[in-house]
Amino acid sequence: MGNLLGGVSFREPTTVEDCDSTWQTDSEPEPEEPGPGGGSEGPGQEPEQPAQPPERAGGRPRASPAPDEDAEAAGAEQGGDSTEATAKPKRSFYAARDLYKYRHQYPQNFKDIRYQNDLSNLRFYKNKIPFKPDGVYIEEVLNKWKGDYEKLEHNHTYIQWLFPLREQGLNFYAKELTTYEIEEFKKTKEAIRRFLLAYKMMLEFFGIKLTDKTGNVARAVNWQERFQHLNESQHNYLRITRILKSLGELGYESFKSPLVKFILHEALVENTIPNIKQSALEYFVYTIRDRRERRKLLRFAQKHYTPSENFIWGPPRKEQSEGSKAQKMSSPLASSHNSQTSVHKKAKDFKNSSSAVHLNSKTAEEKKVAPKEPVEETDRPSPEPSNEAAKPRNTEKDSNAENVNSQPEKTERP
């Protein structure tokens, strides 16, 4: 395995277009099903730097480390939300690159080896070790923290343990997942059962409830109060990104679309959580690996997004190609019209040329008899036959020249 990885070269994407294959053809290879390990950290959820050192050496971090667990990423992700009403949003390259890596199973992450590590995430979910640095077991979190919204809001160390990823978060004590640990996690029923309970707990914290085993969601009983809080506490958008990505890591890729669709509906149609729409479009949608699902969500969002001209997540390449196609369709018509105009013009020139030949043949005699007739003759369409016969070569030459000149135009017309 090591030898194989040693020969692999990964080209880092350098533009948003490199990272986003949503509107490209379905033939482009991109994993659409979650593999044994499928995720990354939250692009907005966790900052893009690697591991962060603990705030106090060997000690317990403050209650609010780095204000909120993702302060730096919050600035990158949620910074656009407050100004979106007055300024056109822009695509974030850092978000696009981070989610590209997530969807493609971290192609550059050669340190994600398959051998058995300490399986700390799995052991935590099996209730064998507490999460650090708080020293709380999973069963206590699920039973005593459930419904304690103050604790869930202000503690910033548990989220990396409840929803592990294959990148280091701000909680230095939380370990990264490996593909081996993911496979073992999926085979452990008690771990999966608790993982779903943790998901339900966080949904309720946001004002949402899980309605069935396929991942569909709806408003919870307390949705009004919680939506108001969610609209104002933007660091929770980072948590949602992490949750979505962790769902994909641990075998619940199909749960993502229902949640993202629900959030988009509430943000764009119901206007209950308008501040979340930028994060939903820039991050939540792009955690979904299936390109077709992303397109469905973005088309839905585009239909309801206001102002419509500020929607920047649509298919720009497709729109450009349609515009050029329209130009190409109009171009042959214009070419045909120009060709016909040229033929008429040349026919007129031919008649004028014939008239000119006719006039040249009438020399001094016509001037003596009727000096005004040549002017009238040039206006008339048909010259005298005797004069045309007198100049057969000139007429034939002009006719051939016209045929030669008009021939390319005939071949160009469709």
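Quick note: structure is the one above.
**Considering the overall build of the chain**
Across its full length, the chain carries 20 helices and two strands. When burial is assessed residue by residue, the chain has 44% of its 414 residues classed as buried. The contacts of the chain with a sequence gap of at least 6 include a subset with a gap of at least 24, amounting to 77%. Here the chain has roughly 21700 Å² of accessible surface; of this, 52% comes from carbon and sulfur atoms.

**Some thoughts on the nonpolar core**
In terms of nonpolar packing, the biggest core is built from 70 residues, with Leu 162, Met 202, Leu 264 and Phe 284 touching the most fellow members. When neighbours within four sequence positions are excluded, Phe 284 is seen to be in contact with Tyr 237, Ile 240, Thr 241, Leu 244, Val 260, Ile 263, Ile 276 and Ser 279.

**What to know about the environment of Lys 90**
Within the element layout of this structure, Lys 90 appears in the loop between helix H3 (71–78) and helix H4 (93–103). A relative accessible area of 70% places Lys 90 in the exposed class. Spatially, the C-alpha atom of Lys 90 lies 9.4 Å from that of Trp 313, the residues being 223 residues apart in sequence. Sequence-distant contacts of Lys 90, that is, excluding residues within four places in its chain, are made with Gln 278, Glu 282 and Ile 312.

**Some thoughts on the side chain of Glu 181**
Within the element layout of this structure, Glu 181 appears in helix H9 (residues 179–186). Nearest to the buried, unbridged Glu 181 among oppositely charged side chains is Arg 123, at 7.2 Å. Of note is the side chain of Glu 181, whose polar atom sits 3.5 Å from the backbone nitrogen of Ser 120. Contacts of Glu 181, omitting those with residues within four sequence positions, involve Asn 117, Leu 119, Ser 120, Asn 121, Leu 122 and Glu 176.

**Some words on the environment of Asp 118**
In this fold, Asp 118 is placed in the loop between H4 and helix H5 (120–125). When residues no more than four places from it in sequence are discounted, the contact partners of Asp 118 are Arg 123 and Lys 175.

**Description of the environment of Gln 160**
Mapped onto the fold, Gln 160 is located in helix H8 (residues 159–162). By relative accessible area, which is 3% here, Gln 160 ends up buried. Sequence separation between Gln 160 and Tyr 173 is 13 residues, and the spatial gap between their C-alpha atoms is 9.2 Å.

**What about helix H14 (residues 277–284)?**
For an α-helix the count is 3.6 residues per turn, leaving residues at separations of three or four pointing the same way. Of all the eight residues making up H14, eight are buried; the element is thus mostly covered by neighbouring parts of the structure. Regarding H14, the residues found buried are Lys 277, Gln 278, Ser 279, Ala 280, Leu 281, Glu 282, Tyr 283 and Phe 284.

**Some words on the packing of helix H6 (residues 138–145) against helix H10 (residues 189–206)**
The geometry of H6 relative to H10 is characterised by a closest axis approach of 11 Å and an angle of 35° between their N-to-C directions. Crossing of H6 over H10 shows left-handed handedness. Here Ile 138, Glu 139, Val 141, Leu 142 and Trp 145 of H6 lie close against H10, whose contacting residues are Arg 193, Arg 194, Leu 197, Ala 198 and Met 201. Looking at side-chain class alone, the contact of H6 with H10 contains seven nonpolar, no polar and three charged residues.

**Description of helix H11 (residues 223–232)**
Restricting attention to buried positions, one finds in H11 the residues Arg 226, Phe 227, Leu 230 and Asn 231. In a view along the axis of H11, the buried residues occupy a sector of 140°, so they form one face of it. The exposed set on the far side of H11, more than 90 degrees from its buried face, consists of Gln 224, Gln 228 and Glu 232. Lining the buried residues of H11 we find helix H7 (149–154), H10, strand S1 (208–210), strand S2 (217–219), helix H12 (235–249) and helix H13 (256–269).

**Quick word on the packing of aromatic side chains**
Here the structure, examined in full by the defined rule, presents 21 aromatic pairs. Plain terms: the ring middles of Phe 124 and Phe 131 are 6.1 Å apart, the flat faces sit at 90° to each other, and that makes the pair edge-to-face. Phe 124 sits in the buried class, given a relative accessible area of 0%. We classify Phe 131 as buried; its relative accessible area is 0%.

**Notes on unusual backbone geometry**
A cis amide bond links Lys 132 with the next residue in sequence, Pro 133, at an omega value of 10°. Within the element layout of this structure, Pro 133 appears in the loop between H5 and H6. In the segment running from Thr 306 into Pro 307, the intervening peptide bond is cis, with an omega of -10°. As for its position among the elements, Pro 307 is in the loop between helix H15 (291–304) and helix H16 (316–361). Of note in this structure, Gln 105 is not a glycine but carries a positive phi near 65°. Within the element layout of this structure, Gln 105 appears in the loop between H4 and H5. Within the chain, Asn 271 stands out as a residue other than glycine whose phi angle is a positive 60°.

**Remarks on the side chain of Glu 266**
The topology assignment puts Glu 266 in helix H13. On the basis of relative accessibility, which here comes to 2%, the residue Glu 266 falls in the buried class. In this view, Glu 266 contacts Arg 219, Phe 227, Asn 271, Thr 272 and Ile 273; residues no more than four positions away in its chain are not counted.

What counts, and at which threshold
Residues numbered from 1 in each chain as written. Predicted model: local features only at pLDDT ≥ 70, side-chain atom pairs only at ≥ 80, totals over all residues. Heavy atoms only, no water. Helix = DSSP H or I, 4+ residues; strand = E, 2+ residues; numbered from the N terminus. Buried < 20%, exposed > 50% of the residue type's maximum accessible area, 1.4 Å probe, protein only. Contact = heavy atoms within 4.5 Å. Areas by Shrake-Rupley, 256 points an atom, 1.4 Å probe, with all protein chains shown as cover. Core = buried A, V, L, I, M, F, W, Y, C linked by side-chain atoms within 4.5 Å. Lys, Arg positive; Asp, Glu negative; His and termini not counted. Salt bridge = Lys/Arg side-chain N within 4 Å of Asp/Glu carboxyl O. Polar contact = N/O pair within 3.5 Å; in protein donor to acceptor, adjacent residues only side chain to side chain. Axes fitted to C-alpha atoms, helices over the stretch in contact; angles between N-to-C directions. Left-handed = near helix turned anticlockwise from the far one by under 90°. Nonpolar A, V, L, I, M, F, W, Y, C, P; charged D, E, K, R; others polar. Arc of directions from axis to C-beta. Phe/Tyr/Trp six-rings, centres within 6.5 Å; stacked < 30°, edge-to-face > 60°.

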